[in-house]
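Here is how the chains run, residue by residue.
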Amino acid sequence: MNPFTGAGAFFQGMGFVVSTPSIWPRALVPMLAALVLFAGFAALGILGATLLTHGVLVVLLAVPALLLALLLALSLAQPLSGWALDGIVRAQRRDLGLPELPAISVGGAMLSSLGSALLALAIGAPVIALLTLVGWLAPPAMVVTLPLKVLVGSLMVAWDLVDYPLAMHGAGIGDRMRFAGRHFGSFLGFGLAATLFFAVPGLGLLALPCGVAGATRLVSPR
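Residues numbered from 1 in each chain as written. Predicted model: local features only at pLDDT ≥ 70, side-chain atom pairs only at ≥ 80, totals over all residues. Heavy atoms only, no water.

### Considerations on the overall build of the protein
The test is simple: By definition, any uninterrupted DSSP run of H or I lasting at least four residues is a helix, any uninterrupted run of E lasting at least two residues is a strand, and each is numbered from the N terminus. Radius of gyration: over C-alpha atoms. The globule rule applied is 2.2 Å multiplied by the number of residues raised to the 0.38 power. For the exposure calls, accessible area comes from a 1.4 Å probe over protein chains only, and a residue counts as buried if that area is under 20% of its type's maximum, exposed if over 50%, partly exposed in between. Note on contacts: a residue pair qualifies if any of its non-hydrogen atoms lie within 4.5 Å across the two residues. Computed with the Shrake-Rupley method and a 1.4 Å probe, the accessible areas treat only the protein chains shown as cover for residues.
Secondary structure assignment for the protein yields nine helices and zero strands. Sequence-ordered secondary structure for the protein, helices as α and strands as β, is α-α-α-α-α-α-α-α-α. For a compact globule of 222 residues, the expected C-alpha radius of gyration is about 17 Å, and the protein comes in at 17 Å, within 12% of that figure. Along the three orthogonal principal directions, the C-alpha set of the protein runs to about 55 × 35 × 30 Å. Here the protein, with 222 residues, has 48% of them falling under the buried criterion. Long-range pairs, those at least 24 residues apart, make up 80% of the contacts in the protein between residues at least 6 apart in sequence. Total accessible area on the protein stands at roughly 10200 Å², and carbon and sulfur atoms take up 79% of it.

Quick look at the structure:
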């Protein structure tokens with residue numbers, strides 16, 4: 001699959017969520033969780049940027065701080081909203097005519113999702129921090145480091161969004177990594193589309209429930 005397939009899956013998931021009023025109450029749960037978490041982490045990041053630097057350097061530090069705030073909010077909102085995301089995944093599968101998945105332990109799914117999110121942060125956050133440092137030390141390198149930060153962040157977003165649907169299939173961490181490797185193009189396209197949507201003020205809050213619905217399309221053979 002190519003990046004356009006992954007991007008298409010995200011926007012198809014968005015269309016499903018928007019056009020299915022019965023799942024709107026469930027969609028509100030991850031949206032509110034992500035909003036509260038992002039606001040808190042973003043405030044801390046901007047405060048830290050203003051305390052550590054001044055002038056234009058505040059902006060240069062605030063950008064990666066906001067990106068990390070987004071990734072932290074997404075990573076933690078998903079396990080906290082497990083029961084709601086479970087319903088969205090099952091509703092999307094029914095709409096696609098796919099068979100019902102066996103019931104899974106909500107607590108087990110939350111722990112699995114949290115572990116997966118922490119793994120992504122442990123790998124991705126240092127990479128983003130290193131790229132930020134390189135940009136500070138060699139400003140001309142920002143033409144390379146900034147797009148790379150967006151790519152790394154998009155891969156982390158994609159990893160978080162496909163996590164719950166894959167967990168419902170019984171996939172472990174290794175299985176999820178193999179899926180991402182086998183379908184890297186569509187995986188990256190999916191993450192880029194989600195990241196772009198997250199950047200839209202107001203509408204970005206829809207990205208988590210829409211992304212989980214789209215991820216269901218991405219990981220489910222039809």
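### What about the side chain of Lys 149?
Counted only if it meets this: By the counting scheme adopted, Arg and Lys are positive, Glu and Asp are negative, and His together with the chain ends is not counted. Here a salt bridge means any side-chain nitrogen of Lys or Arg lying within 4 Å of a carboxyl oxygen belonging to Asp or Glu.
Residue placement: Lys 149 occurs in helix H6 (residues 142–168). Buried charged residue Lys 149 carries no salt bridge. Nearest counter-charge: Asp 160, at 18 Å. In contact with Lys 149, not counting residues within four places along its chain, are Pro 64, Leu 67, Ile 128, Leu 131 and Thr 132.

### What about a nonpolar patch on the surface?
Put simply, the rule reads: Each patch is built from residues that are more than 30% exposed by relative accessible area and take part in no salt bridge. Like charges join if they lie within 9 Å; nonpolar side chains (Val, Leu, Ile, Met, Phe, Trp, Tyr) join within 5 Å.
On the surface, Val 59, Val 63, Val 143, Val 144, Leu 146, Leu 148, Val 150, Leu 151 and Leu 192 cluster together into a nonpolar patch covering about 720 Å² of accessible area. When contributions to the nonpolar patch are tallied by element, the ones reaching two or more residues are helix H3 (56–80) and H6. With six residues, H6 is the largest single contributor of residues to the nonpolar patch. Considering the arrangement of structural elements, one finds Leu 146 in helix H6. On the basis of relative accessibility, which here comes to 45%, the residue Leu 146 falls in the partly exposed class.

### Some details on the confidence of the model for the protein
As a reminder, the rule being used: The quantity known as pLDDT measures the predictor's confidence residue by residue, on a range of 0 to 100.
When pLDDT is averaged along the protein, the result is 83, and 95% of the positions lie at 70 or above. Taking the mean pLDDT of every element in the protein, the minimum, 76, falls on H3 and the maximum, 91, on helix H1 (residues 3–18).

### A word on helix H9 (residues 207–219)
What counts here: To estimate the expected span of a helix, count its residues, drop one, and scale the result by 1.5 Å.
Its 13 residues give H9 an end-to-end C-alpha distance of 17 Å, which sits within 8% of 18 Å, the value for a rise of 1.5 Å per residue. Burial analysis of H9 places 13 of its 13 residues in the buried class, which makes it a mostly covered element.

### Looking at helix H4 (residues 82–95)
Between its first and last C-alpha, H4 extends 20 Å over 14 residues, near the 20 Å set by a 1.5 Å rise per residue. Burial analysis of H4 places 11 of its 14 residues in the buried class, the great majority of the element. All of the buried residues along H4 are Gly 82, Ala 84, Leu 85, Asp 86, Gly 87, Ile 88, Val 89, Arg 90, Ala 91, Gln 92 and Arg 93. One or two steps after H4, the chain reaches Gly 97, where phi turns positive at roughly 75 degrees.

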